[in-house]
Amino acid sequence: MAAAARERGLDPLVVPLIADAAPTDRSALEAAVDRLIASGGSRRHDAPPPAGSGPQSASGQDAQPASGQDAPSASGQDAPSAGRRAGGTGRPAAPTGPDRAHSGPATDGTARTDGTARTARTDGTDVAGYAWMVVTSATAVRVVAERVARLPSDLRVAAVGEPTARAARAAGWVVDLVPSESSGAALAHALPDTSGTVLFPRSDLAAPTVVDTLRARGIDVDDVVAYRTVGTGDEPVVLDSPPAAVLVTSGSVAREIARRMTPLHPRTVVACIGPGTAAEARAAGLPVHVVARTRSAEALLDAVVESLNPIAPNRKAPK
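Presented here is an overview of the structure given in this document.

Definitions and limits used
Residues numbered from 1 in each chain as written. Predicted model: local features only at pLDDT ≥ 70, side-chain atom pairs only at ≥ 80, totals over all residues. Heavy atoms only, no water. Helix = DSSP H or I, 4+ residues; strand = E, 2+ residues; numbered from the N terminus. Core = buried A, V, L, I, M, F, W, Y, C linked by side-chain atoms within 4.5 Å. Buried < 20%, exposed > 50% of the residue type's maximum accessible area, 1.4 Å probe, protein only. Contact = heavy atoms within 4.5 Å. Salt bridge = Lys/Arg side-chain N within 4 Å of Asp/Glu carboxyl O. Pairing = 2+ DSSP bridges. Axes fitted to C-alpha atoms, helices over the stretch in contact; angles between N-to-C directions.

Considering the environment of Asp 302
Assignment of secondary structure puts Asp 302 in helix 9 (residues 297-308). When the C-alpha atoms of Asp 302 and Ala 5 are compared, they prove to be 8.9 Å apart, with 297 residues separating the residues in sequence.

In structure tokens:
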């Protein structure tokens, strides 16, 4: 996002306010990982690219926001504050726990009528695979990709928006569904009916929208906390000069800004990546001056540029 800000004539300053950490109880995540590995992998989901070429963790849509759905990324992108000189928020790359090497049990794949895979382990037990995996942040993608070298061939992947989808593709995954509207509700409604189980790896702060909507449709969901969203400290953030704008890419970022950066300068523009994030920013006590037209880093930056460069009253807007 910082590069995109510079391309628009902004001077971004990334202030890390949130990071991700391993879940307090890792048992659900480990069970989901083992279930993915036991279901087997294939060439449909290619192996991830070499280290360093994968998705970047971010505070924004893919950061895993408190709602888990508004930020860009997602998360796949850093979210700086932007302006002539901007102070803002970004999510530094942070490990979610020790790396785990999985060899997985040997399996013989068998087809199931519900579209999911069922594998017979060499020890004689059966493991039912997932029909879909739903991801709403680049951080969720990274957590799974670090632990599963190759997804099962029958697994379908749904991403909340293009930033998250880009992170998934960078990890070597085939993305089967991206809703036209980048929100958890839209994603949950767009997912096809299935009698199989849907895996939802998420932040501990993710809103219940995805899970509740899918379950209301009668779809079985494995709701897994894959990581925790945590603050990077408690001390106040003091900048050399007031930023022209602060980018708010998730509810968790909004709360950290309110906790560590207020009071903001009266002329600082508070720009939010989507209406959900804007609502959470207001709930945290922040004023909201700008809301991106679509939930993407690019749209957020464009909105900031437009806000900082208002068109004169007698001057027509460029077509």
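On we go from here.
Section: the nonpolar core
Of all hydrophobic cores here, the largest spans 27 residues; its most connected members are Met 133, Val 135, Leu 151 and Trp 173. Secondary structure elements with two or more residues in this core: helix 2 (27-38), strand 5 (132-135), helix 3 (138-147), strand 6 (156-159), helix 4 (162-170) and strand 8 (220-231). Beyond its immediate stretch of four places on either side in the chain, Val 135 contacts Ala 140, Val 141, Val 157, Ala 158, Ala 159, Val 160, Thr 164, Trp 173, Leu 187 and Pro 201. In terms of nonpolar packing, the next biggest core, distinct from the first, is built from 17 residues, Ala 5, Val 269, Ala 297 and Val 304 among them.

A word on the pattern of salt bridges
Using the criterion set out here, one finds 14 salt bridges in the structure. One salt bridge in this structure joins Glu 146 and Arg 142, with 3.5 Å as the shortest N-O distance. Placement of both Glu 146 and Arg 142 in helix 3 is noted, with a separation of four residues, approximately one turn of the helix. The exposure class of Glu 146 is partly exposed, given its relative accessible area of 33%. Taking relative accessible area as the criterion, Arg 142 reaches 12% and is therefore assigned buried. Of the charged contacts, one joins Arg 255 and Glu 280 as a salt bridge, the two residues approaching to 3.1 Å between their closest N and O atoms.

Let's talk about the sheet that holds strand 9 (residues 245-248)
An order of 9-10-11 is seen for the three strands of this open sheet, with the pairing classed as parallel. Each end of this open sheet is capped by a strand with a single partner; those strands are strand 9 and strand 11 (290-291). Judged from the four bridges that link them, strand 9 and strand 10 (residues 269-272) form a sheet pairing that is parallel. Within strand 10, the position partnered with Leu 247 by the bridge is Ala 271. Helix 9 contacts strand 9, strand 10 and strand 11 of the sheet and is inclined by roughly 155° relative to strand 10.

A few points about the environment of Pro 192
By secondary structure assignment, the location of Pro 192 is in the loop between helix 5 (184-190) and strand 7 (197-203). If near-sequence neighbours (up to four positions away) are discounted, Pro 192 is found in contact with Trp 132, Leu 177, Arg 217 and Ile 219.

Examining the pairing of strand 8
A regular strand carries its side chains on alternate faces of the sheet. Inspection of the sheet shows strand 1 (residues 18-21) paired to strand 8 by four bridges, in the antiparallel sense. Looking at the pairing, Ile 18 lines up with Gly 231 of strand 8. Here seven bridges tie strand 7 to strand 8, and the two strands are oriented parallel to one another. Directly across from Thr 197, in strand 8, lies its bridge partner Asp 220.

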